[in-house]
Amino acid sequence: MQRENNIIKRKGMALLMAIFLLIIIGSIMAVSLSMSGTTVARTTNDYLHEQALLLSSSATEYAVLAISGRDKNNTLPVINAIYPNAVNPMFDVTMNIRYIGDCPGCANYYIGNLTSTPTHEATTVMIDVDVSSNPALNLNEPIRYHRRTLQKL
């Protein structure tokens, strides 16, 4: 009679251990599923941030090229661009250009006379590049990167 009672107690304990094991396995699966979702979002944001950083470097070079192809009396204050194209925009790029030095035709974009003799060769350019993600991407964390460069012309 005692043996039957002992077997009944073991069956109840096995049931509790099985339920406890299922709860632990379910919790581990829920945590791993949650972490895999946030990892994908973080990887996407890291990729877009690196792309914005490289795009700002390219935009700086493009602004220097655009400035060098123009006459000193016909200055260029702002360049706007959309990357990669207007149909599928990912980033909006704004390049603000300020001329520093002797630039008589630079209107209100030039700052003072920095040399004793006024020459066009003394002109320096400050280029502010702003790269921001397009709102159409619907990102949880919008990407925005700013880069300032001084370039001697």
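Notes on the structure follow. (Residues numbered from 1 in each chain as written. Predicted model: local features only at pLDDT ≥ 70, side-chain atom pairs only at ≥ 80, totals over all residues. Heavy atoms only, no water.)

### Quick word on the pattern of salt bridges
Quick reminder of the rule: Here, a salt bridge means any Lys or Arg side-chain nitrogen found within 4 Å of an Asp or Glu carboxyl oxygen. Per the convention used, a helix needs a DSSP run of H or I reaching at least four residues, while a strand needs a run of E reaching at least two, with both numbered from the N terminus. Burial here depends on accessible area, computed with a 1.4 Å probe over protein chains only, as a share of the maximum for the residue type. Under 20% is buried, over 50% is exposed, and the range in between is partly exposed.
One pass over the structure, following the stated rule, counts three salt bridges. In this structure, D128 and R98 form a salt bridge, with 2.8 Å as the shortest nitrogen-oxygen distance. Here D128 is found in strand β4 (residues 124-133), whereas its partner R98 is found in strand β2 (residues 89-100), with 30 residues between them in sequence. Residue class for D128 comes out buried when judged on its relative accessible area of 4%. Salt-bridge contacts for D128 lead to R148; the nearest nitrogen and oxygen are separated by 2.5 Å. You can see D128 sitting in strand β4 and its partner R148 sitting in strand β5 (residues 144-152), a full 20 residues away along the chain.

### Regarding unusual backbone geometry
Trans is the common state for peptide bonds, and a negative phi is the common state for residues other than glycine. Cis geometry is found at the peptide bond from Y83 to P84, where omega equals -5°. Counting through the fold element by element, P84 comes out in strand β1 (residues 78-84). Here the phi dihedral of N138 falls at roughly 55°; this positive angle occurs in a residue that is not glycine.

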